[in-house]
Amino acid sequence: MNKNKEQLLNKRYKAEQRFRLYGLSAIFMALLFLTIFIFKIFSTGYSAFQKTWLIVPVTFDAELMMLDQNPSKEDLQDADYYDIALKSMADLDPNANEDQENELKRMVSYFFEKEIKNELLNDPNLIGKTKEVYLTASDDLDQVFKGNYPRDLPEDQRRVSDYQLKIFDQLVANGKVESKFNISFFTNADSREAELAGIASSFMGSIFSILVCLMIAFPVAVLAAIYLEEFAPKNRFTDFIEVNINNLAAVPSIVFGLLGLGVLLAIFHLPRSTPLVGGITLSLMTLPTIIIAARASLKAVPPSIREAALAMGASRMQTTMHHTVPLSMPGTLSGTIIGLAQALGETAPLILIGMVAFVNTIPGSPMDPAASLPVQIYIWAESAERGFVEKVSACIMVLLGFLIIMNLFAQIIRHKFEKKWS
Amino acid sequence: MRKNGVKMIKIKAKDVDVFYGKKQALFNISLDIEENQVTALIGPSGCGKSTFLRCLNRMNDVIDICSVKGEIFINDFNINDKSCDVVRLREKIGMVFQKPNPFPKTLYENVSYGPTIHGMAQSKQEMDEIVETSLKKAALWEEVKDRLHEPGTGLSGGQQQRLCIARAISVTPEVILMDEPCSALDPIATAQIEELIDELKKEHTIIIVTHSMAQAARVSQNTGFFHLGQLIEHGSTDKIFKNPDNKKTQDYITGRFG
């Protein structure tokens, strides 16, 4: 009898040990996947925050720029920079033939002419002088410099020619290639040229979408939750509504995209590809999440608080507004932020309402066309150029950072403002 | 309190029935409650004494499935009548609950809440006075006067309950309902509250539901004994405890059941 008991006890301890082991290995697996995922993104993406520049001597020849003596500011604006730009690139190799001159031109970004122009506009005294100017390297050379380019491929399978590589290596040897922090990644809108593409447009698009979403979803959801929880009679009709709110939360997001397309764009003719439409569509998606969070936190307010207020002669409205709602706010707010974070990462509905369009301007209001961060990731991931690979990872890093900050904020609100009741 | 030797009746319940859905919780309760006296309602768990108490300030309205029939007159006004405004009613009838339930706000806000929503103070100064007198009447002022702006939930259980009493009397109600106010408290805190009840009856009519017969005997002048939703007997506390008419009352008091 006693021995049996001993065995049973041992068995119980062993079972518990096994269970702990399973739990630990589950956590270990989850952490492992997360680490691999983050490592992969960081190792691919970190180089996008650096940008390669070629330092090229440019001679600001007044004649070539078609400038008269003592040119005014407008003259400088209108001057012709193409010839001096071309010439300064061609001068990198005095022996180049016409084809090679063309190849030299393609070693820098498409807008190198503009960079030279800005240099002169900043300092008009440069006319007639020669100055070393920083020119954005082409995206392929950028990748070569970062060591991401397969130089050993046969020449006809590469976009960079042997000649370009030879000149580039000479420049590197002379210290005329430099890597600097890539500010334009944060200040530029999207571009077809990987070296110039930035996230400013999609970042602003995301912010505007989230703001529109918040302004619509939050008040509607909170009012709905308060009504359902505090005022509505409990009957079949409210049960039916409750079930359908839960159903709404489970609807795939692409369906909301179709709704936005069919109703907001086709019937109300709201401007296409704008954060306004994106925000409204996302708010439909966020609505049930916030309602559910708000109802849960209203339910968590102890009934004794309501009774105390009612017994003091507060009306139902006063009880709700003075006591129940303020007490439920931390939970509601953190639910809202989590809902918004979900909306921030949403891609499918935005693609359907046209926020996938190529936008090379930075939106100034929710009525301007824009992309959003996840859609930007999608657009870049589809692009063929090698330079976009690191941009995708960099954009994911920005999006993840944004999400982590929002979730952190939700946690802080929950811990800091949650009141303890007796 | 008697005027010309006649007991003043503050509350008069006539044929009150309470139903939770289809289940009847109270049967035909008729009970008179005297002004400026403490009336104790005693009886075993689930006998309906709390339900009856909650009828007196219409707190049963909050429960969807609960329905109350019959008439309850307070100052000769039927509170179950359609013309009765519950907000005004509850201003006149304060309530203290079983578990201390201060608002998770400061002590000051707890006490000033009632006067604020009923517009009883014209200035900050008046409000300060109301808060001070209420806390003094609740015998809490000396303990908390230096921390009025700290959260009420930081007090001990007994202090919290006195805070709830201060909150209840801040609107100078005519009647105070107490639903087992000491059941969550230790003996010392209980003694403090009982002393307080004795003091408060000078200005208020008090009805207290209690599980402790000793408490009923100590604090009340009148006692009603409930059993299975019926009011078995009521009368002066002396009589109920020393010489009850009904055998069930006798059995309960002597601890045969309950």
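Rules behind the numbers
Residues numbered from 1 in each chain as written. Chains lettered and ligands numbered in written order. Predicted model: local features only at pLDDT ≥ 70, side-chain atom pairs only at ≥ 80, totals over all residues. Helix = DSSP H or I, 4+ residues; strand = E, 2+ residues; numbered from the N terminus. Rg over C-alpha atoms; globule rule 2.2 N^0.38 Å. Buried ≥ 20, exposed ≤ 12 C-beta atoms within 10 Å, placed from the backbone. Contact = placed C-beta atoms within 7 Å. Pairing = 2+ DSSP bridges. Core = buried A, V, L, I, M, F, W, Y, C linked by C-beta atoms within 7 Å. Domains from an automatic or database assignment. Nonpolar A, V, L, I, M, F, W, Y, C, P; charged D, E, K, R; others polar. Axes fitted to C-alpha atoms, helices over the stretch in contact; angles between N-to-C directions. Expected span 1.5 Å × (residues − 1). Parallel < 35°, antiparallel > 145°, perpendicular 65-115°, else oblique. Left-handed = near helix turned anticlockwise from the far one by under 90°. pLDDT = per-residue confidence, 0-100.

Quick word on the overall build of chain A
Right, on to step 1. A tally of helices and strands in chain A yields 17 helices and three strands.
Right, on to step 2. Against the 2.2 N^0.38 benchmark of 22 Å for 422 residues, chain A shows a C-alpha radius of gyration of 30 Å, more extended than a compact globule.
Right, on to step 3. Once the C-alpha set of chain A is aligned to its principal axes, its extents read approximately 95 × 70 × 40 Å.
Right, on to step 4. The proportion of buried residues among the 422 residues of chain A is 37%.
Right, on to step 5. Pairs at least 24 apart in sequence give 76% of the contacts found in chain A among residues at least 6 apart.

As for the overall build of chain B
Right, on to step 1. Summing up its helical and strand segments, chain B has ten helices and twelve strands in all.
Right, on to step 2. Relative to its length of 258 residues, chain B is compact, with a C-alpha radius of gyration of 18 Å against a globular reference of 18 Å.
Right, on to step 3. For chain B, the C-alpha atoms occupy an extent of roughly 55 × 45 × 45 Å along the three principal directions.
Right, on to step 4. Residue burial in chain B is summarised as follows: out of 258 residues, 45% are buried.
Right, on to step 5. Once local pairs closer than 6 in sequence are excluded, the contacts in chain B between residues at least 24 apart make up 67%.

Concerning the pairing of strand S9 (residues 175–179) of chain B
Residues and elements named next belong to chain B.
Right, on to step 1. S9 sits mainly inside the fold: five of its five residues count as buried.
Right, on to step 2. Side chains Val 175, Leu 177 and Asp 179 of S9 all project onto a buried face; the interleaved residues Ile 176 and Met 178 project onto the opposite face, where all are buried too.
Right, on to step 3. Pairing analysis gives four bridges linking strand S8 (residues 93–96) to S9, with the strands arranged parallel. Residue Met 95 lies in a different strand from S9, and its bridge partner there is Leu 177.
Right, on to step 4. Pairing of S9 with strand S10 (residues 205–209), which is carried by five bridges, proceeds in the parallel orientation. Directly across from Ile 176, in S10, lies its bridge partner Ile 206.

Concerning the nonpolar core
Right, on to step 1. Ile 176, Leu 177, Ile 207 and Ile 208 of chain B are the most contacted members of the largest nonpolar core, which totals 71 residues.
Right, on to step 2. The element best represented in this core is helix H6 (residues 157–169) of chain B, accounting for six residues.
Right, on to step 3. Every residue in contact with Leu 177 of chain B, bar those within four places of it in the chain, is listed here: Leu 53, Leu 56, Asn 57, Ile 93, Gly 94, Met 95 and Ile 207 of chain B.
Right, on to step 4. Judged by nonpolar contacts, the second largest core, of 59 residues, contains Phe 218, Val 301, Leu 350 and Val 392 of chain A.

Describing the domain arrangement of chain A
Residue and element names in this part refer to chain A.
Right, on to step 1. By domain assignment, chain A separates into domain 1 (2–46), domain 2 (51–182) and domain 3 (200–417).
Right, on to step 2. A separation of 35 Å is found between the C-alpha centroids of domain 1 and domain 3.
Right, on to step 3. Contact residues are listed per partner, giving four residues for domain 1 and six residues for domain 3.
Right, on to step 4. Considering only residue class, the side of domain 1 that touches domain 3 consists of two nonpolar, two polar and no charged.

Some words on the sheet that holds S9 of chain B
Residues and elements named next belong to chain B.
Right, on to step 1. Ordered in space as S8-S9-S10-S5-S11-S12, the six strands form an open sheet in which the pairing is mixed. Edge positions in the sheet fall to S8 and strand S12 (230–236), since each has one partner strand and no second. Within this sheet the neighbouring strands show an average axis-to-axis angle of 15 degrees, counted without direction.

Some remarks on helix H17 (residues 387–417) of chain A
Right, on to step 1. Spanning 31 residues, H17 of chain A covers 46 Å between terminal C-alpha atoms, matching the ideal 45 Å at 1.5 Å per step.
Right, on to step 2. Buried within H17 of chain A we find Gly 387, Glu 390, Lys 391, Val 392, Ser 393, Ala 394, Cys 395, Ile 396, Val 398, Leu 399 and Ala 410 of chain A.

Remarks on the pairing of strand S3 (residues 9–20) of chain B
One face of the sheet, then the other: side chains in a regular strand alternate in exactly this way.
All names here are of chain B.
Right, on to step 1. The sheet contact formed by S3 and strand S4 (residues 23–34) spans eight bridges and is antiparallel. Within S4, the residue paired with Ala 13 across the bridge is Leu 31.
Right, on to step 2. Where S3 folds back on S4, the antiparallel hairpin that results is connected by two residues, among which Gly 21 adopts a positive phi of roughly 60 degrees.
Right, on to step 3. As paired strands, S3 and strand S6 (residues 66–74) are joined by eight bridges and run antiparallel to one another. Residue pairing in the sheet places Val 18 in a bridge with Val 68 of S6.

Details of the interface of chain B and chain A
Bring the parts together and some accessible area is lost; that lost area is often taken as the interface size.
Right, on to step 1. Counting residues at the interface gives 23 residues for chain B and 19 residues for chain A.
Right, on to step 2. Residue classes in the side of chain B that touches chain A are distributed as twelve nonpolar, six polar and five charged.

Some words on the sheet that holds strand S2 (residues 130–136) of chain A
All names here are of chain A.
Right, on to step 1. Here three strands make up an open sheet; going across it, the order is S2-S1-S3 and the pairing antiparallel. Of all the strands in the sheet, just S2 and strand S3 (177–181) have a single pairing partner and so form its edges. On average, each strand axis in the sheet is tilted by 40 degrees relative to the strand beside it, whichever way the strands run.
Right, on to step 2. Pairing of strand S1 (residues 50–59) with S2, which is carried by seven bridges, proceeds in the antiparallel orientation. From the neighbouring strand, Pro 57 faces S2, where its bridge partner is Glu 132.

With respect to unusual backbone geometry
One can expect most non-glycine residues to show negative phi and most peptide bonds to be in trans.
Right, on to step 1. Of note in this structure, Asp 15 of chain B is not a glycine but carries a positive phi near 50 degrees.
Right, on to step 2. Position of Asp 15 of chain B relative to the elements: it lies in strand S3.

Regarding the environment of Thr 281 of chain A
Right, on to step 1. Mapped onto the elements, Thr 281 of chain A comes out in helix H12 (residues 275–299).
Right, on to step 2. Filtering out sequence-adjacent residues up to four positions away, Thr 281 of chain A remains in contact with Phe 256, Gly 257, Gly 260, Leu 264, Pro 349 and Ile 353 of chain A.

A short note on the packing of helix H13 (residues 303–311) of chain A against helix H14 (residues 316–344) of chain A
All names here are of chain A.
Right, on to step 1. Running from N to C, H13 and H14 point in directions that differ by 155 degrees, and their axes come no closer than 9 Å. One element, H13, and the other, H14, form an angle in the roughly antiparallel class. Both H13 and H14 take part in a crossing whose hand is right-handed. Of the residues in H14, those in contact with Ile 305, Arg 306, Ala 309 and Leu 310 of H13 are Gln 318, Thr 319, His 322, His 323, Thr 324 and Leu 327.

What about the packing of helix H3 (residues 107–117) of chain B against H6 of chain B?
Residues and elements named next belong to chain B.
Right, on to step 1. Two numbers describe how H3 lies on H6: the axes approach to 7 Å, and their chain directions differ by 30 degrees. Classified by the interaxial angle, the pair formed by H3 and H6 is roughly parallel. Side by side, H3 and H6 meet where Leu 107, Asn 110, Val 111, Tyr 113 and Gly 114 of the first sit next to Leu 163, Ala 166 and Arg 167 of the second.
Right, on to step 2. Residue composition of the contact of H3 with H6, by class: five nonpolar, two polar and one charged.

A few points about the environment of Ala 371 of chain A
Residues and elements named next belong to chain A.
Right, on to step 1. If you trace the backbone, Ala 371 turns up in the loop between helix H15 (348–352) and helix H16 (373–382).
Right, on to step 2. For Ala 371, a count of 32 C-beta atoms within 10 Å gives the class buried.
Right, on to step 3. For the pair Ala 371 and Asn 10, spaced 361 residues apart in sequence, the C-alpha separation works out to 62 Å.
Right, on to step 4. Those residues within four positions of Ala 371 in sequence are excluded, and the remaining contacts are Asp 190, Ser 201, Ser 202, Gly 205, Met 355, Val 356, Val 359, Gln 376 and Ile 379.

As for the confidence of the model for chain A
Right, on to step 1. Mean pLDDT over chain A works out to 90, with 99% of the residues at or above the 70 mark.
Right, on to step 2. For chain A, the element scoring lowest by mean pLDDT is helix H2 (residues 73–78) of chain A, at 83; helix H9 (residues 200–231) of chain A scores highest, at 95.

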